[in-house]
Amino acid sequence: MKCGAQLSLYVMADDFVRIILSSLDAISPYRDRLRIETDDISTLIVGPPELIFPTMRELFVAAARSGHHVALHATISRGCPGEPDMEICEPAQPTAFDDDLEKRKASAAQAVADAPMSGQRVAIQFSLYPLGPADYMDEIYGCIDFLKASPVFDRAKNYCTRLAGDAGPVFEALSQAWLSFGDPNAHVAIDLTASANSPSRDAAA
């Protein structure tokens, strides 16, 4: 299985280059377990599924701590049938997929409750796409139930769900949505947009 994300970070500041480059230091602890490729449009991160969202969180939070308005757009994918399996994507501790949706919802909720706080508020809207199985809507509805019961659920929007709060539990909720819902042998993708320090935050809240 291949797991990874294509992401683009945007900093609304004159010295955006400095802020972005300095933010890369935050992902140093993960670098030896990831393959990272950057071009003029996006950065590809490939590696174990449990590291994808923590890497994005650390990068985004580091940039947001500049105090400037920052945004992130990412497409995250696991199990794409058009991509080769990669050893680097093997999880550190493989876990069996539980067919019981209620147990997965409870486990995901506990992971969000246990997530450490970062001290940085973020807002994220995202859409989950569990591709392939005919019962994919059951997985989506299960994920929505999990999110609505979580402390970071903000509201439903057309075609997406909005989360808001501290980056720690928000990114953990995203990770759980990606890893806990959808057939583990099928292609599961997420499309997300994140924002921090937006001047329109209060109007949108």
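This structure is a prediction, so every number in the text was calculated from the model and none was measured.

Definitions and limits used
Residues numbered from 1 in each chain as written. Predicted model: local features only at pLDDT ≥ 70, side-chain atom pairs only at ≥ 80, totals over all residues. Heavy atoms only, no water. Patch = residues over 30% accessible without salt bridge, like charges linked within 9 Å, V, L, I, M, F, W, Y side chains within 5 Å. Areas by Shrake-Rupley, 256 points an atom, 1.4 Å probe, with all protein chains shown as cover. Salt bridge = Lys/Arg side-chain N within 4 Å of Asp/Glu carboxyl O. Lys, Arg positive; Asp, Glu negative; His and termini not counted. Charge placed at Lys NZ, Arg CZ, Asp CG, Glu CD. Helix = DSSP H or I, 4+ residues; strand = E, 2+ residues; numbered from the N terminus. Core = buried A, V, L, I, M, F, W, Y, C linked by side-chain atoms within 4.5 Å. Buried < 20%, exposed > 50% of the residue type's maximum accessible area, 1.4 Å probe, protein only. Contact = heavy atoms within 4.5 Å. Pairing = 2+ DSSP bridges. Axes fitted to C-alpha atoms, helices over the stretch in contact; angles between N-to-C directions.

Moving on, we come to a negative patch on the surface. A cluster of acidic residues, Asp98, Asp99, Asp100, Asp135, Asp138 and Asp183, forms a negative patch on the protein surface. Locating Asp99 in the fold gives a position in the loop between strand 4 (70-78) and helix 3 (101-114).

On to the nonpolar core, then. Grouped together as the largest cluster of nonpolar side chains are 51 residues, with contacts concentrated most on Phe53, Met56, Phe60, Ile76, Phe126, Ile190 and Leu192. Among residues more than four places away in sequence, those in contact with Phe53 are Ile76, Phe171, Leu174, Ser175, Trp178, Ile190 and Leu192.

Right, let's get into the sheet that holds strand 2 (residues 35-38). A sheet is described by the order of its strands in space; here eight strands give the open sequence 2-3-1-4-8-5-7-6, paired in antiparallel fashion. The sheet terminates laterally at strand 2 and strand 6 (153-157), the two strands that pair on one side only. Here the average twist between neighbouring strands, direction ignored, is 20°. Of the strand pairs in this sheet, strand 1 (residues 3-11) and strand 3 (residues 43-46) are connected by four bridges, and their pairing is antiparallel. Looking at the pairing, Ala5 lines up with Ile45 of strand 3. The strands that helix 2 (residues 49-64) touches are strand 1, strand 3, strand 4, strand 5 (121-130) and strand 8 (188-196); relative to strand 1, the one it contacts most, it runs at about 5°. In the packing of helix 4 (residues 136-148) onto the sheet, contacts are made with strand 5, strand 6 and strand 7 (160-166), and the angle to strand 5 comes to roughly 160°.

On to the side chain of Thr55, then. Of note, Thr55 is situated in helix 2. Setting aside residues no more than four positions away along its own chain, Thr55 makes contact with Ile27, Tyr30, Leu34 and Ile45.

Below, the discussion takes up unusual backbone geometry. With a phi close to 70°, Tyr159 is a non-glycine residue in the positive phi region. Here Tyr159 lies in the loop between strand 6 and strand 7. Judged by relative accessible area, which is 78%, Tyr159 ranks as exposed.

What follows concerns the pairing of strand 8. In this structure, strand 4 lies alongside strand 8, joined through nine bridges in antiparallel fashion. Within the sheet, the bridge partner assigned to Leu72 lies in strand 8 and is Ala194. Strand direction decides the pairing type here: strand 5 and strand 8, joined by eight bridges, are antiparallel. Within strand 8, the residue paired with Gln125 across the bridge is Thr193.

Counting through the fold element by element, Gly132 comes out in the loop between strand 5 and helix 4. Judged by relative accessible area, Gly132 falls into the exposed class, the value being 77%. Between the C-alpha atom of Gly132 and that of Ala5, which follows or precedes it by 127 residues, the distance is 20 Å.

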